[in-house]
Amino acid sequence: MAAGGGGSCDPLAPAGVPCAFSPHSQAYFALASTDGHLRVWETANNRLHQEYVPSAHLSGTCTCLAWAPARLQAKESPQRKKRKSEAVGMSNQTDLLALGTASGGHDNRVNCIQWHQDSGCLYSCSDDKHIVEWNVQTCKVKCKWKGDNSSVSSLCISPDGKMLLSAGRTIKLWVLETKEVYRHFTGHATPVSSLMFTTIRPPNESQPFDGITGLYFLSGAVHDRLLNVWQVRSENKEKSAVMSFTVTDEPVYIDLTLSENKEEPVKLAVVCRDGQVHLFEHILNGYCKKPLTSNCTIQIATPGKGKKSTPKPIPILAAGFCSDKMSLLLVYGSWFQPTIERVALNSREPHMCLVRDISNCWAPKVETAITKVRTPVMNSEAKVLVPGIPGHHAAIKPAPPQTEQVESKRKSGGNEVSIEERLGAMDIDTHKKGKEDLQTNSFPVLLTQGLESNDFEMLNKVLQTRNVNLIKKTVLRMPLHTIIPLLQELTKRLQGHPNSAVLMVQWLKCVLTVHASYLSTLPDLVPQLGTLYQLMESRVKTFQKLSHLHGKLILLITQVTASEKTKGATSPGQKAKLVYEEESSEEESDDEIADKDSEDNWDEDEEESESEKDEDVEEEDEDAEGKDEENGEDRDTASEKELNGDSDLDPENESEEE
């Protein structure tokens with residue numbers, strides 16, 4: 001299976017170009033190159049078998065392709081009488097190949113095509129969120145339904161032909177008869193680029209098999225170095241992957257051998273973006289916690305001419321298992337002139353490096369291209385019109401007068417209007433883009449180029465911005481494969497001057513919040529971001545102490561300011577309710593002396609009055625004692641009456657007695 005979209009500028013588009021081996025003993029290899037041409041190569045002798053150029057190969061480039069199944073091709077092939085000139089052993093089987101383009105069949109680009117192995121239907125998915133079922137005989141839409149809330153990027157038919165797997169970021173299993181969702185799976189953080197079943201029988205063969213329960217399938221995603229394996233269970237609780245395979249880079253082509261029973265292992269060949277092939281062999285028998293690494297890695301390199309020259313790696317474009325499952329077809333070199341070779345898998349070494357010389361292969365040379373360029377003969381009076389730079393304008397004349405002149409010439413039937421006047425009459429590119437829009441479009445490109453070329457000035461131009469909205473938009477448009485290099489560059493700059501570290505923190509915050517889901521899928525994230533973690537831990541180590549010190553300083557400052565305010569505050573202007581004035585004691589008047597005499601007399605009068613009061617108090621005490629004796633006698637008589645039952649209840653009598 002191939003991942004398409006290599007020529008797209010979308011950062012979430014799969015790497016590589018659409019390509020696939022034919023199902024009938026891998027006799028052909030179909031390749032849709034970036035120039036819009038479809039080329040079919042013979043794998044046996046590495047010869048170009050056929051080349052097809054669609055009429056709209058520039059506007060509607062090929063985005064995906066799929067060979068029809070072998071048994072379906074035998075059904076579709078027309079029965080006709082053989083001519084005498086034809087060979088007797090010639091097969092009447094035709095090879096069918098379906099192409100998906102960027103502007104056909106859907107409202108948006110077609111992402112994946114899958115043939116149904118029995119019914120002859122064709123299924124396609126697109127960025128328009130829909131899945132379409134096509135009738136191959138009539139070339140019309142048989143059914144169309146919404147597959148996801150976002151774009152649907154990959155499809156796969158179940159081995160029994162009754163179920164359909166679809167994936168955007170999440171994976172869904174559909175019942176083809178009712179078009180209802182049977183199971184949901186978690187999926188990946190990025191769009192899924194490949195889906196395929198790995199088993200055709202469940203591991204537990206004792207239970208009855210309904211055609212889907214217990215089967216395993218494989219999924220790979222864009223910019224994701226983990227290939228996840230999922231199992232269709234009877235209950236709908238388990239939605240996570242049961243195991244995963246780890247590779248060195250994003251997968252661009254995947255091929256595998258199906259496991260027909262529980263003892264047979266699944267063989268997997270994964271071609272990565274870095275040009276290597278990883279081979280896996282594993283028996284699927286349940287949950288596995290750790291990601292599995294490859295059993296063997298294959299690379300191809302040039303021999304290197306001379307002692308000082310170093311071998312250069314040759315990228316592997318695709319790899320497919322042969323029918324014997326013991327050999328592998330490797331496609332390497334250039335997309336325009338690939339080399340196809342069959343390699344035996346009898347070595348148990350963990351790493352294989354094949355030395356191949358592809359210098360004799362066809363390649364466009366600079367000299368031949370230059371000889372085809374012709375310089376036109378021009379005189380001094382000729383005027384040359386060159387394409388302008390976007391956002392800039394040449395000095396043009398006002399449009400309304402020239403428009404009137406053009407219309408008058410056309411009406412009067414005079415001489416034909418010159419091209420210069422026509423261009424002046426047209427108001428081309430009158431709407432200028434704002435500065436922020438240009439920065440939003442150019443900053444992701446500049447940052448990506450600066451990270452790849454390690455250009456210090458280009459990186460400074462982007463990373464020194466202080467606009468938070470611009471930073472967020474730039475991070476959102478960054479390709480996922482540049483996130484780790486961006487974090488490493490930010491880590492370097494955080495170790496520098498504190499002023500630049502403040503700006504880098506804004507970038508770091510946006511990167512970690514926007515791309516947290518992608519970073520969580522990386523298996524070796526901890527060693528890659530170890531330096532950043534240690535740097536952040538050392539910076540935050542003294543933060544608590546600084547916070548305490550900051551709080552104490554704020555408390556002291558507030559107390560000092562409050563005391564200064566109280567000192568400088570003036571008393572409010574209010575009138576006194578009482579004023580006391582004390583006279584001086586130095587000057588004594590006659591009145592004061594008289595007052596002293598009167599005070600002495602006042603003391604004598606006080607002594608006499610006190611003696612009189614004492615006598616009165618003694619008399620009162622004697623009277624009180626007499627009354628108490630009388631009251632005591634009355635109480636005794638009253639108590640006797642109560643005992644005899646003759647108590648007087650009338651309050652009047654009580655008052656008389658008193």
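Preceding this paragraph is the structure being described.
Anyway, here's the lowdown on the structure attached to this text. Just so we're clear, the structure is a prediction, and the values are computed from it rather than from any experiment.

The element strand E8 (residues 121-126) is largely enclosed, with a buried count of six among its six residues. Residue alternation in E8 divides its side chains into two sets, Cys121, Tyr123 and Cys125 and Leu122, Ser124 and Ser126, and both sets are buried. Bridging between strand E7 (residues 110-115) and E8 involves five bridges; their strand directions are antiparallel. Note on E8: the bridge partner recorded for Ile113 is Ser124. Linkage of E7 to E8, two consecutive antiparallel strands, is achieved through a turn of five residues, within which Gly120 is found at a positive phi near 80°. Pairing of E8 with strand E9 (residues 130-135) involves five bridges; the strand directions are antiparallel. Within the sheet, the bridge partner assigned to Leu122 lies in E9 and is Trp134.

We now examine helix H7 (residues 468-476). Of the residues making up H7, those classed as buried are Leu470, Ile471, Thr474 and Val475. All buried residues of H7 fall inside an arc of 130° around its axis, so they share one side. For H7, the side-chain oxygen to backbone nitrogen distance between the N-cap and Asn469 is 3.2 Å, and the N-cap itself is Asn467.

Right, let's talk about the side chain of Ser124 for a bit. With respect to the element layout, Ser124 can be found in strand E8. Since its relative accessible area comes to 4%, Ser124 is described here as buried. Within polar-contact distance, the side chain of Ser124 engages the side chain of His106 at 2.8 Å. Apart from the residues lying within four places of it in its own chain, the contact partners of Ser124 are His106, Val110, Cys112, Ile113, His130, Ile131, Val132, Trp134 and Leu155.

Turning to the nonpolar core, a few remarks are in order. Ranked by size, the top nonpolar core spans 32 residues in total, and within it Phe29, Val277, Ile298, Ile316, Leu328 and Leu330 carry the most contacts. Not counting chain neighbours up to four residues away, the residues in contact with Val277 comprise Val270, Val271, Cys296, Thr297, Ile298, Ile316, Ala319, Leu328 and Leu330.

It is worth spelling out the sheet that holds strand E25 (residues 327-333) at this point. Strand pairing in a sheet is mediated by backbone hydrogen bonds. Such pairs are either parallel or antiparallel. The strand order across the open sheet formed by three strands is E24-E25-E26, and the pairing between neighbours is antiparallel. Looking at strand neighbours, the two that pair on one side only are strand E24 (316-321) and strand E26 (338-344), the edges of this open sheet. Adjacent strand axes in the sheet meet at a mean angle of 20°, parallel and antiparallel pairs treated alike. With seven bridges joining them, E25 and E26 adopt antiparallel strand pairing. Residue pairing across strands places Tyr332 opposite Thr339, the latter belonging to E26.

Calculation rules
- Residues numbered from 1 in each chain as written.
- Predicted model: local features only at pLDDT ≥ 70, side-chain atom pairs only at ≥ 80, totals over all residues.
- Heavy atoms only, no water.
- Buried < 20%, exposed > 50% of the residue type's maximum accessible area, 1.4 Å probe, protein only.
- Helix = DSSP H or I, 4+ residues; strand = E, 2+ residues; numbered from the N terminus.
- Pairing = 2+ DSSP bridges.
- Arc of directions from axis to C-beta.
- Polar contact = N/O pair within 3.5 Å; in protein donor to acceptor, adjacent residues only side chain to side chain.
- Contact = heavy atoms within 4.5 Å.
- Core = buried A, V, L, I, M, F, W, Y, C linked by side-chain atoms within 4.5 Å.
- Axes fitted to C-alpha atoms, helices over the stretch in contact; angles between N-to-C directions.

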